[in-house]
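Coordinates in review
The chain contents come next:
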Amino acid sequence: MALKQKERKPLHLAKLHVHTGDTVFVLAGKDRGKTGTVTRAMPRENKVIVEGINIAKKHMRAGRGGMQSGIIEKPMPLHVSNVMVKCTECGEPTRIAHERVPTGADQKVRTRRVCKKCGKPIQEHTRG
Ligand SMILES: [Zn+2]
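These remarks concern the structure in this document. (Residues numbered from 1 in each chain as written. Predicted model: local features only at pLDDT ≥ 70, side-chain atom pairs only at ≥ 80, totals over all residues. Heavy atoms only, no water.)

**Let's talk about the coordination of the zinc ion**
Taken together, Cys87 (SG), Cys90 (SG), Cys115 (SG) and Cys118 (SG) make up the protein donors of the zinc ion, found 2.3 Å from the metal. Considering all 4 donor atoms around the zinc ion, the spread of angles at the metal, 104 to 116°, places the coordination shape in the tetrahedral class. Sequence positions of the donors to the zinc ion reduce to the motif C-x2-C-x24-C-x2-C. Here Cys115 lies in strand S10 (residues 108-115) and Cys90 lies in the loop between strand S7 (83-86) and strand S8 (93-94), a separation of 25 residues in the sequence. Of the residues examined, Cys90 reaches a relative accessible area of 33% and is grouped as partly exposed. (Donors = N, O, S within 2.8 Å, 3.2 Å for Na, K, Ca; no water. Tetrahedral: all angles 85-135°; square planar, octahedral: opposite > 155°, others 65-115°. Helix = DSSP H or I, 4+ residues; strand = E, 2+ residues; numbered from the N terminus. Buried < 20%, exposed > 50% of the residue type's maximum accessible area, 1.4 Å probe, protein only.)

**Here's the deal with the sheet that holds S7**
An order of S6-S3-S2-S1-S7-S8 is seen for the 6 strands of this open sheet, with the pairing classed as antiparallel. Across the chains shown, the open sheet's two edge strands, defined by having one partner strand only, are strand S6 (78-79) and S8. Alignment of strand S3 (residues 47-50) against S6, held across 2 bridges, turns out to be antiparallel. Pairing of Lys47 across the sheet is with His79, part of S6. (Pairing = 2+ DSSP bridges.)

**Quick word on the pattern of salt bridges**
In this structure the tally under the stated criterion is 6 salt bridges. Between Arg110 and Asp106 there is a salt bridge, with its nearest N and O atoms 3.2 Å apart. The closest approach of N and O atoms between Arg113 and Glu124, which form a salt bridge, is 2.9 Å. Linking Arg113 in strand S10 with Glu124 in the segment after S10, this pair joins segments that are 11 residues apart in sequence. Residue Glu124 is classed as partly exposed on the basis of its relative accessible area of 43%. Each of Asp22, Arg113 and Glu124 takes part in salt bridges that share partners, so that together they form one network. (Salt bridge = Lys/Arg side-chain N within 4 Å of Asp/Glu carboxyl O.)

In short, the description is geometric, and any link to function would need to be established separately.
Have a look at this one:
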């Protein structure tokens, strides 16, 4: 009866400290020192795709079947440890603290991200 359970990743993946829509400061790679907007967060891989950062240029040859030729530019994912969230309040790249505080009309305890530098909450971006 004692079947060994395979270790599995939880279905509810831990959220990254970097969210889609955040402005991030790049710490490593060829685009070190640049800032960009996160277009996609990949919690499973701990990676993010940042607009205009880590662009890979792919040279495509025209082949049969109407394939596009020329250079295709595609942003490659960056590891989250290589980016820092830029605070929406003080504008500095910062580490993030998580605070659990009652917020909203219902005063429900929610986790919010706080800037380690100025202590103000980071503005969340809503898609749309
Ligand atoms: Zn700040």
